[in-house]
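Okay, here's what each chain looks like letter by letter:
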Amino acid sequence: MSTSNFIIAIDGFSSCGKSTLAKALAKELEFVFIDSGAMYRAVTLYFIRERVDLQSEQAVLQALESIHIDLVPNGQTVQILLNEEDVSEEIRLMYVSDFVSEVSAVKAVRQAMVAQQQKLGGRRNIVMDGRDIGTTVFPNADLKIFMTASPSVRAERRFAELMAKGETVTMEEVRDNLAHRDHIDSTRQESPLRQAQDAIVLDNSKFTQEEQLKIVIDAYNQLKIKGSV
Ligand code: DC
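Rules used throughout
Residues numbered from 1 in each chain as written. Predicted model: local features only at pLDDT ≥ 70, side-chain atom pairs only at ≥ 80, totals over all residues. Heavy atoms only, no water. Patch = residues over 30% accessible without salt bridge, like charges linked within 9 Å, V, L, I, M, F, W, Y side chains within 5 Å. Areas by Shrake-Rupley, 256 points an atom, 1.4 Å probe, with all protein chains shown as cover. Salt bridge = Lys/Arg side-chain N within 4 Å of Asp/Glu carboxyl O. Lys, Arg positive; Asp, Glu negative; His and termini not counted. Charge placed at Lys NZ, Arg CZ, Asp CG, Glu CD. Helix = DSSP H or I, 4+ residues; strand = E, 2+ residues; numbered from the N terminus. Buried < 20%, exposed > 50% of the residue type's maximum accessible area, 1.4 Å probe, protein only. Pairing = 2+ DSSP bridges. Axes fitted to C-alpha atoms, helices over the stretch in contact; angles between N-to-C directions. Contact = heavy atoms within 4.5 Å. Near = heavy atom within 4 Å. Polar contact = N/O pair within 3.5 Å; in protein donor to acceptor, adjacent residues only side chain to side chain.

*Asks:* I tried to follow a negative patch on the surface on my own but got confused; where do I start?
*Replies:* The grouping of Asp98, Glu172, Glu173 and Asp176 at the surface amounts to a negative patch. Along the chain, the position of glutamate 173 falls in helix H8 (residues 171-187). On the basis of relative accessibility, which here comes to 41%, the residue glutamate 173 falls in the partly exposed class.

Quick look at the structure:
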């Protein structure tokens, strides 16, 4: 248990509602929300634009040196800046989603992102969501949540998000992308997606957003009562 700051780690597959819960928690507890997936997406956008060859270690390292990512709170949201350009919208587009798992599986990319995430969470109360937060980034996180949801709920969530952004995409493409990312995210060698043994498992298909928030706030309050916060 950390003494100076409190860390809530939320992991799980894509489109299980991690960031919705993370944002609600951050608002309720006045913690800083950090979307680690957005960082991998920003790196991916850079790699796509610069046509970085993932097979070339030198090219990857060189690219990583040229990338600076900032997360800037902006009201209820967080702006993602890639070398000072606001890429918050672009990183959510399908062409980035299609390639993000390949980029996130590269060891040097993970090392760079994990180091930055650990720094970001160093001295503040944070809620960070991702795939390896409770296992690799903050294995000693004070509270760990692992989110799941049925494949159909996940695909519908993602489809609705993309449609709301005006993307022309079919349900089948969304399902394929989720399955593709699930496979790479959970089978890669470097910190694959796994449930931490001490995580609370939340099935998003079974609870409303309010119920999920309450479960986590109750767990947080329990820790507080025990004097660990
Ligand atoms: O949470 P998201 O769907 O925006 O994440 C995009 C991708 O980034 C996801 O498919 C895998 C990768 N990712 C990761 O490898 N590790 C994390 N901690 C967060 C995301």
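*Asks:* Where do I start with the sheet that holds strand S7 (residues 143-148) in this structure?
*Replies:* Sheet strands pair by backbone hydrogen bonding; their relative direction is either parallel or antiparallel. The 5 strands lie next to each other as S2-S6-S1-S7-S8, forming an open sheet whose pairing is parallel. Every other strand in the sheet has two partners, leaving strand S2 (32-35) and strand S8 (200-203) as the edge strands with one partner each. Each adjacent strand pair in this sheet contributes to an overall mean axis angle of 20°, direction not counted. Pairing between S7 and S8: 4 bridges, direction parallel. Across the sheet, threonine 148 pairs through a bridge with aspartate 203, a residue of S8. Each of strand S1 (7-12), S2, strand S6 (126-130), S7 and S8 touches helix H1 (residues 18-29); the most contacted strand, S1, lies at about 165° to it. Sheet strands touched by helix H9 (residues 209-225): S7 and S8. Its angle to S7, the strand with the most contacts, is close to 160°.

*Asks:* Teacher, can you tell me more about the sheet that holds strand S3 (residues 69-74) here?
*Replies:* Ordered by their spatial adjacency, 3 strands build an open sheet running S3-S4-S5, and the pairing between neighbours is antiparallel. With one partner strand each, in any of the chains shown, S3 and strand S5 (85-86) form the two edges of the open sheet. Strand direction decides the pairing type here: strand S4 (residues 77-82) and S5, joined by 2 bridges, are antiparallel. Residue pairing in the sheet places leucine 81 in a bridge with aspartate 86 of S5.

*Asks:* Help me understand the site of the ligand, please; the structure alone is not making it clear to me.
*Replies:* Taken together, 17 residues form the shell around the ligand, and within it Arg41, Arg110, Asp132, Asp185 and Arg188 come nearest. One of the side-chain nitrogen or oxygen atoms of arginine 41 is found 2.7 Å away from an oxygen atom of the ligand. Between the ligand and the protein, one listed contact pairs an oxygen atom with a side-chain N or O atom of arginine 188 at 2.8 Å. Contributing elements (two or more residues each) for the shell around the ligand: helix H2 (36-49), helix H4 (94-104) and H8. Looking at which element gives the most residues to the shell around the ligand, the answer is H2, with 4 residues.

*Asks:* I'm lost on the environment of leucine 82 in this one. Help?
*Replies:* Within the secondary structure, leucine 82 is located in strand S4. Overall, the relative accessible area of 3% leaves leucine 82 in the buried class. Ignoring any residue separated from it by four or fewer positions in sequence, one finds leucine 82 in contact with Ala42, Leu45, Tyr46, Arg49, Ile67, His68 and Val87.

*Asks:* How should unusual backbone geometry be read in this particular structure?
*Replies:* Peptide bonds are, in most cases, trans, and in most cases residues other than glycine have a negative phi. One non-glycine residue, glutamate 30, lies in the positive phi region at around 60°. In this structure, glutamate 30 sits in the loop between H1 and S2. In this model, serine 191 sits at a positive phi of 30°, which is unusual for a non-glycine residue. Topologically, serine 191 is positioned in the loop between H8 and S8.

*Asks:* So what exactly am I meant to see when it comes to the pattern of salt bridges here?
*Replies:* For side chains bearing opposite charge, pairing can occur when the charged atoms are close. Per the stated rule, a full pass over the model turns up 11 salt bridges. The residue arginine 49 makes a salt bridge to glutamate 90 at a minimum N-O spacing of 3.2 Å. Of this pair, arginine 49 sits in helix H2 while glutamate 90 sits in the loop between S5 and H4; the two residues are 41 residues apart in sequence, bridging distant segments of the chain. Across the pair lysine 214 and aspartate 218 runs a salt bridge whose closest N-O atoms are separated by 2.7 Å. Of this pair, lysine 214 and aspartate 218 are both found in helix H9, 4 residues apart, which corresponds to roughly one turn of the helix. Lysine 214 sits in the exposed class, given a relative accessible area of 51%. Given a relative accessible area of 34%, aspartate 218 falls into the partly exposed group.

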